[in-house]
Amino acid sequence: MKEIWTTLASLMGVLAFCQSLLHSVFPPELRFAASKFFNKFFLWFSPYCYYDITEIDGVNTNELYNAVQLYLSTYASVTGNRLSLSKALNATSLTFGLSSSGSIIDNFNGITVWWEHIVTQRQSQSFSWRPLPEEKRGFTLKIKKKDKSLILDSYLDHILSKANEIRRKNQDRLLYTNSGGGSVDRGHPWESVPFKHPSTFETLAMDPVKKSEIMDDLLSFAEGESFYQQTGRAWKRGYLLYGPPGTGKSSMIAAMANFLGYDIYDLELTEVNTNSDLRTLLMKTTSKSIIVIEDIDCSINLTNRSKPGRKSQNPLETEITKVAGSNSSAGPDGGSSMTLSGLLNFTDGLWSCCGSERIFIFTTNHIEKLDPALLRSGRMDMHIHMSFCSFEALKVLLKNYVGLDEKDLLKNEFVKGMEQVIDEAEMTPADISEILIKNRRKKEKALKELLESLERQHNKKKKLISGGEAVGFVKEEKSSLMEEVVEEEEEKRELEKQVEYCEELENCTKEGHESEVDVMQKTGGTEGI
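Residues numbered from 1 in each chain as written. Predicted model: local features only at pLDDT ≥ 70, side-chain atom pairs only at ≥ 80, totals over all residues. Heavy atoms only, no water.

**Side note on the packing of aromatic side chains**
Centre distance and the angle of the planes are the two values used to describe a pair of aromatic rings. Taken as a whole, this structure holds 13 aromatic pairs when the rule is applied. Between the aromatic rings of Y48 and W114, the centroid separation amounts to 5.5 Å while the plane-to-plane angle is 90°, which identifies the pairing as edge-to-face. With Y48 in strand 1 (residues 48–54) and W114 in strand 7 (residues 111–121), this pair connects stretches of sequence that are 66 residues apart. The exposure class assigned to Y48 is partly exposed, which follows from its relative accessible area of 23%. Seen in terms of ring centroids, F346 and F360 are 5.6 Å apart; in terms of plane orientation they differ by 80°. Their pairing is edge-to-face. Separated by 14 residues along the polypeptide, F346 in helix 10 (residues 340–348) and F360 in strand 16 (residues 358–364) bring together distant segments of the chain. (Phe/Tyr/Trp six-rings, centres within 6.5 Å; stacked < 30°, edge-to-face > 60°. Helix = DSSP H or I, 4+ residues; strand = E, 2+ residues; numbered from the N terminus. Buried < 20%, exposed > 50% of the residue type's maximum accessible area, 1.4 Å probe, protein only.)

**Overview of the sheet that holds strand 17 (residues 382–385)**
Within the open sheet, the seven strands sit side by side as 10-9-12-13-16-11-17. Their pairing is mixed. What marks the edges here is a single partner per strand, and that holds for strand 10 (191–195) and strand 17. This sheet shows a mean twist of 20° between the axes of neighbouring strands, independent of strand direction. (Pairing = 2+ DSSP bridges. Axes fitted to C-alpha atoms, helices over the stretch in contact; angles between N-to-C directions.)

**Considerations on a nonpolar patch on the surface**
Together, F17, L21, L22, V25, F26 and L30 make up a nonpolar patch on the protein surface, roughly 580 Å² of accessible area in all. Of the residues forming the nonpolar patch, the biggest block, four residues, is contributed by helix 1 (residues 2–25). By the element assignment, F17 lies in helix 1. The class of F17 is exposed, set by a relative accessible area of 57%. (Patch = residues over 30% accessible without salt bridge, like charges linked within 9 Å, V, L, I, M, F, W, Y side chains within 5 Å. Areas by Shrake-Rupley, 256 points an atom, 1.4 Å probe, with all protein chains shown as cover. Salt bridge = Lys/Arg side-chain N within 4 Å of Asp/Glu carboxyl O.)

**What about the confidence of the model for the protein chain?**
Across the protein chain, the average pLDDT comes to 77, with 74% of residues at or above 70. Under a pLDDT of 50 for its full length, residues 302–330 has, in the predicted model, 56 contacts with residues more than four places off or in other chains. Note on residues 513–517: pLDDT under 50 across the span, and six contacts to partners over four residues away in sequence or across chains. (pLDDT = per-residue confidence, 0-100. Contact = heavy atoms within 4.5 Å.)

**Let's talk about the nonpolar core**
Ranked by size, the top nonpolar core spans 27 residues in total, and within it I214, M252, M256, I290, I359, I361 and I384 carry the most contacts. For this core, the secondary structure elements donating two or more residues are helix 5 (208–222), strand 11 (236–242), helix 7 (249–260), strand 13 (289–293), strand 16 and strand 17. With seven residues, helix 7 is the largest single contributor of residues to this core. With residues up to four places along the chain from it excluded, the contact list for I290 reads M256, A257, Y262, D263, I264, Y265, I359 and I361. Judged by nonpolar contacts, the second largest core, of 25 residues, contains Y265, L282, L370 and A373. (Core = buried A, V, L, I, M, F, W, Y, C linked by side-chain atoms within 4.5 Å.)

**A look at helix 7**
Over its 12 residues, helix 7 extends 17 Å from the first C-alpha to the last, a length consistent with the 16 Å expected when each residue adds 1.5 Å. The buried fraction of helix 7 amounts to nine of the 12 residues, a majority that puts the element mostly inside the structure. Along helix 7, the residues that are buried comprise K249, M252, I253, A254, A255, M256, A257, N258 and L260. Positive backbone phi, at 75°, marks G261, one or two positions downstream of helix 7. (Expected span 1.5 Å × (residues − 1).)

**A look at the pairing of strand 16**
With respect to burial, strand 16 is a largely interior element, seven of its seven residues being buried. Side-chain alternation along strand 16 places R358, F360, F362 and T364 on one buried face and I359, I361 and T363 on a second face that is also buried. The pairing of strand 11 with strand 16 spans seven bridges and is parallel. Directly across from Y239, in strand 16, lies its bridge partner I361. Where strand 13 and strand 16 come together, five bridges link them in parallel fashion.

**Concerning the pattern of salt bridges**
Across all of its chains, the model carries eight salt bridges by this definition. A salt bridge links K288 to E357, with the shortest nitrogen-to-oxygen separation between them at 2.6 Å. Taken together, the positions of K288 in the loop between helix 8 (275–283) and strand 13 and E357 in the loop between helix 10 and strand 16 put the pair 69 residues apart, joining distant regions of the chain. A relative accessible area of 4% means that E357 is categorised as buried.

**So, the sheet that holds strand 1**
The antiparallel open sheet is built from four strands, whose spatial order is 1-8-7-6. The open sheet has two edge strands, strand 1 and strand 6 (103–108), and neither has a second partner. Each neighbouring strand pair of the sheet contributes to a mean axis angle of 25°, computed without reference to strand direction.

**Looking at unusual backbone geometry**
In the Ramachandran plot, N109 falls in the positive-phi region, its phi being about 55° despite a non-glycine side chain. Summarising the element assignment, N109 is placed in the loop between strand 6 and strand 7. Given a relative accessible area of 60%, N109 falls into the exposed group. Even without being a glycine, D295 presents a positive backbone phi close to 50°. Along the polypeptide, D295 turns up in the loop between strand 13 and helix 9 (296–299).

Structure below.
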């Protein structure tokens, strides 16, 4: 053993002597040139090529580095052995990342790529206006040379889009409003708060078929950038939610926002004075957002734009005005100078194209009150009727509030009774939810009370219908009797005229003073004589 250590020590001494000899014989410049030459030689014959993506590009942050870091975090949590964990501001979940000198393999369209995270110490800085981090971080991408064109054209764009999607999902969504605090004049028309509404399509009380159609339409819109560019259309879509109060219109909006990961802009029209203010509000919205105007039939008034004294037959001749108030930007009549044309351009005009991937949603309880120009395709592309609670929607509510699954629904006698009366009862999901919330800890009591409420509402509707039919029958009978009386009166008056005419004609014949024409003028004449 002693001889082995002695031999190793001798070899180390020889290597140290050779190294010092090389350094003394070959200057540093020559050694650097030789190293560079051999590196190029091996790279020339190597089947791989390498790309370095550094954290700092000059003095600016490299956005591609951040995108790669986010993108690889989705795979590192599954395949990585040594990871780093982080949580960004306003993030809802942890982010996994590669640690120093960590590596990972990714596949894209059947092509294998290798990533390596390299962290080295930065040389000390003498002076800098913008101090740099002590560590120099970067990613090295290793790919095969034959795949170079495909990777550079598509893979990096794929990474950027996925990173944006991950960033949006990790961050809290925001709810913006223009009511009160925001000032258009100061350039800050919107104020925001975190949007934490828990509504999803799974918890939404709606027919599953209709729910699936809406989700497919939303996904088709969100993934349709190339389609909208190809067809020359603005990347936006409009939805009209209409129906009685309490049918879940606001919950539908929240479910859409959570499904797509979009922010919500709640536009209060009564706070908008002019068309110019409306355009400013639109320009200050971001992409991937939902612009909502709730209860549009109540927040604005539709008045005739026609001349005084002439009744307009064209529903387009309307003007949107606000309730009169003292405002410096108000119109000459003391109200708002915002017009129907301004609102139409807001949703479907040139100004609606100043952003991309935006959704417009109008809600109303009375669709018949809205101007047809607001409802046509291109403005409100999809009309969604939020109706009274159906049995399919009731099953969702029972699952959410009292924990009844599909098997329990089939066996429960209360549920079978509800199925028979719910369509005629016409109760809203809000009313049913309130009954279930009160008794959510007592399942049987909740089901019993709900069935009683549905039956009571069903009987009330039946009485109203039967009463309405009876009233209609009485009105119809009275109308027919009145028509008979009027006909009898007309026949009686006609008979009296004929008798009077005959009497006058006899007197005229006896005395010979008047002609038949004069008699007819006096008596008004008769038909058929």
